[in-house]
Amino acid sequence: MSIIGSFQLLLIAVLAVGIVAFQVVALVDAVRRPQRAFAAEGKQTKQRWLLFLGIALVIGVLGLPPSYVTAPILNLISLAPAVIYWVDVRPAIKPYGTGNGPRRPRGPQW
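Residues numbered from 1 in each chain as written. Predicted model: local features only at pLDDT ≥ 70, side-chain atom pairs only at ≥ 80, totals over all residues. Heavy atoms only, no water.

Summing up its helical and strand segments, the protein has four helices and zero strands in all. Every one of the 110 residues in the protein was classed for burial, and the buried ones make up 29%. Across the protein, the fraction of contacts at a sequence separation of at least 24, relative to all contacts at a separation of at least 6, is 71%. Summed over its atoms, the accessible surface of the protein is roughly 7,400 Å², and 70% of this surface lies on carbon and sulfur atoms. (Helix = DSSP H or I, 4+ residues; strand = E, 2+ residues; numbered from the N terminus. Buried < 20%, exposed > 50% of the residue type's maximum accessible area, 1.4 Å probe, protein only. Contact = heavy atoms within 4.5 Å. Areas by Shrake-Rupley, 256 points an atom, 1.4 Å probe, with all protein chains shown as cover.)

Given below as structure tokens:
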């Protein structure tokens, strides 16, 4: 295998792992957000977003190497829900916090 071919395979692998990590972070963030935030902002329900992001994560994991032939296609397909969540849904529901009650100041109180 040539150096160029090896570099391409390495690049695909790094991008695939990065996409899966991005999806995991989106899914964890959606889990932490309160149910009422999704409804109040007119987004799909929390359960639907968890389903969308979970299915996307499974597809993204299926696209991980060594399946180099299908990896780019599966990763691009699975990237869409996470990008939509981060660009559209998360900014709308972020003011609702994580649903863990009122925020308390952290650090030393003088």
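Note on placement: arginine 33 falls in the loop between helix H1 (3-32) and helix H2 (35-40). Looking at arginine 33, its side chain comes within polar contact range of the side chain of aspartate 29, at 3.0 Å. Sequence-distant contacts of arginine 33, that is, excluding residues within four places in its chain, are made with Phe38, Lys46, Tyr85, Arg90, Ile93, Lys94, Gly97 and Thr98. (Polar contact = N/O pair within 3.5 Å; in protein donor to acceptor, adjacent residues only side chain to side chain.)

All told, the structure shown has four aromatic pairs when counted by the stated rule. Look at tyrosine 85 and tryptophan 86: their rings are 6.0 Å apart centre to centre, the planes differ by 80°, and that puts the pair in the edge-to-face class. Accessibility expressed as a relative area gives 23% for tryptophan 86, which makes it partly exposed. Members of the aromatic cluster, each reached through a chain of ring pairs, are Phe22, Trp49, Phe52, Tyr85 and Trp86. (Phe/Tyr/Trp six-rings, centres within 6.5 Å; stacked < 30°, edge-to-face > 60°.)

Scanning the model with the defined rule gives three salt bridges in all. A salt bridge links aspartate 29 to arginine 33, with the nearest nitrogen and oxygen atoms 3.0 Å apart. Each member of the pair, aspartate 29 as well as arginine 33, is classed as buried. Judged by relative accessible area, which is 6%, aspartate 29 ranks as buried. Via salt bridges that share partners, Asp29, Arg33 and Arg90 belong to a single interconnected network. (Salt bridge = Lys/Arg side-chain N within 4 Å of Asp/Glu carboxyl O.)

On to the confidence of the model for the protein, then. On average, residues of the protein carry a pLDDT of 84, and 81% of them reach 70 or more. For the protein, H1 is the element with the lowest average pLDDT, namely 87, and helix H3 (residues 46-62) is the one with the highest, namely 93. (pLDDT = per-residue confidence, 0-100.)

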